[in-house]
Amino acid sequence: MELKRCAEGSLCEAAAIVEKTIKTIYPRYYPSGAVQFFLELHKMQRIRAAADKEAIYTAVVQGVTVGTGSIRRNEICRLFILPEYQGRGYGSRLMDLLEEIVLKEYPAVRIDASFPAEGMYLKRGYHIVSYEKIETDNGDFLCYHVMEKTDGGKERPVKRIQNEKAGK
């Protein structure tokens, strides 16, 4: 997996990944008001505005962009893997790379965990810091956990595939 930092022109690709994943996966876990809240929160204009405060990346495997994730200080944000590539370990690989970047400068990594991804974070050694709830415009609730992993937290060894394009 190759991690590419997004430039202004490639933010559209990250936004498209986020939108498709929310529309496909989130209705299985959240009521419609919460899904609409997520879509509004992660629309293109907001991603463009966040680019001033976050490092936004795409994850590329064999020339195909499969996901995206961002870093804001010690927080990993907006981590999404396209639905057709989920379950193949790409989310874990992307987390390996993003955590490595954060832990070079901070003693802990934080993440707001959506229900679909929470199990992965628990397996990676994250622990729940707080339970949060946001009421959406139509009265539905968006619930999530703030999670944290310290540098000394239990984790699997980082495995990297240096050059998948060459089949190595």
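Residues numbered from 1 in each chain as written. Predicted model: local features only at pLDDT ≥ 70, side-chain atom pairs only at ≥ 80, totals over all residues. Heavy atoms only, no water.

(A) Highlighting the sheet that holds strand β3 (residues 64–72). The sheet built from seven strands is open, its strands ordered β1-β2-β3-β4-β5-β7-β6 with mixed pairing. The outermost strands of the open sheet, each flanked by one partner alone, are β1 (2–5) and β6 (127–135). Neighbour to neighbour, the strand axes of the sheet diverge by 25° on average, direction disregarded. Sheet topology note: the strand β5 (residues 108–113)/strand β7 (residues 141–150) ladder contains six bridges and is antiparallel. Each residue of the ladder has a partner; that of Val-109, found in β7, is Lys-149. Lying on the sheet, helix α4 (residues 90–103) is in contact with β1, β2 (55–61), β3, β4 (75–81), β5 and β7; it crosses β4 at an angle near 160°. Strands β4, β5, β6 and β7 of the sheet are contacted by helix α5 (residues 115–123), whose axis makes an angle of about 20° with β7. (Pairing = 2+ DSSP bridges. Helix = DSSP H or I, 4+ residues; strand = E, 2+ residues; numbered from the N terminus. Axes fitted to C-alpha atoms, helices over the stretch in contact; angles between N-to-C directions. Contact = heavy atoms within 4.5 Å.)

(B) Summary view of the pairing of β4. For β4, the buried fraction is high: seven of the seven residues fall into the buried class. As paired elements, β3 and β4 share five bridges and run antiparallel to each other. Each bridged residue has a counterpart across the sheet, and for Thr-68 the counterpart in β4 is Phe-80. Connecting β3 to the next strand, β4, in antiparallel fashion are two residues, including Arg-73 with a positive phi near 55°. Bridging between β4 and β5 involves two bridges; their strand directions are parallel. In the sheet register, Glu-75 faces β5, and the bridge partner there is Arg-110. (Buried < 20%, exposed > 50% of the residue type's maximum accessible area, 1.4 Å probe, protein only.)

(C) Broad picture of helix α2 (residues 32–41). Taken together, the buried positions of α2 are Gly-33, Ala-34, Val-35, Phe-38 and Leu-39. Looking at the buried residues of α2, the elements they touch are α1 (11–25) and β7.

(D) Summary view of unusual backbone geometry. The phi dihedral of Gln-62 is positive, around 50°, even though this residue is not glycine. Structurally, the position occupied by Gln-62 is in the loop between β2 and β3. If you check the backbone angles, Arg-78 has positive phi at about 45° while not being a glycine. Along the chain, Arg-78 falls in strand β4.

(E) Layout of the confidence of the model for the protein. Across the protein, pLDDT averages 88, with 90% of residues at or above 70. Across residues 154–168, confidence stays below pLDDT 50; counting only partners more than four residues off in sequence or on other chains, it has 24 contacts. (pLDDT = per-residue confidence, 0-100.)

(F) Region of interest: the pairing of β6. The pairing of β6 with β7 spans eight bridges and is antiparallel. Paired with Ile-134 across the bridge in β7 is Leu-142. Hairpin connection between β6 and β7: a loop of five residues separates the two successive antiparallel strands, and Gly-139 in this loop has a positive phi of roughly 95°.

(G) Structural view of α5. Restricting attention to buried positions, one finds in α5 the residues Ala-117, Glu-118 and Tyr-121. The arc that holds every buried residue of α5, seen down its axis, measures 125°, which confines them to one face. Tucked inside the fold, the buried residues of α5 contact β4, α4, β5, β6 and β7. Just beyond α5, the residue with positive phi is Gly-125, at close to 100°. (Arc of directions from axis to C-beta.)

(H) Representation of the packing of α1 against α2. Where α1 meets α2, the closest approach of the two axes is 10 Å, and the angle between their N-to-C directions is 175°. For the element pair α1 / α2, the angle class is roughly antiparallel. Note on element contacts: α2 touches α1 through Val-35, Phe-38 and Leu-39, opposite Glu-19, Ile-22 and Lys-23. When its residues are assigned to classes, the contact of α1 with α2 shows four nonpolar, no polar and two charged. (Parallel < 35°, antiparallel > 145°, perpendicular 65-115°, else oblique. Nonpolar A, V, L, I, M, F, W, Y, C, P; charged D, E, K, R; others polar.)

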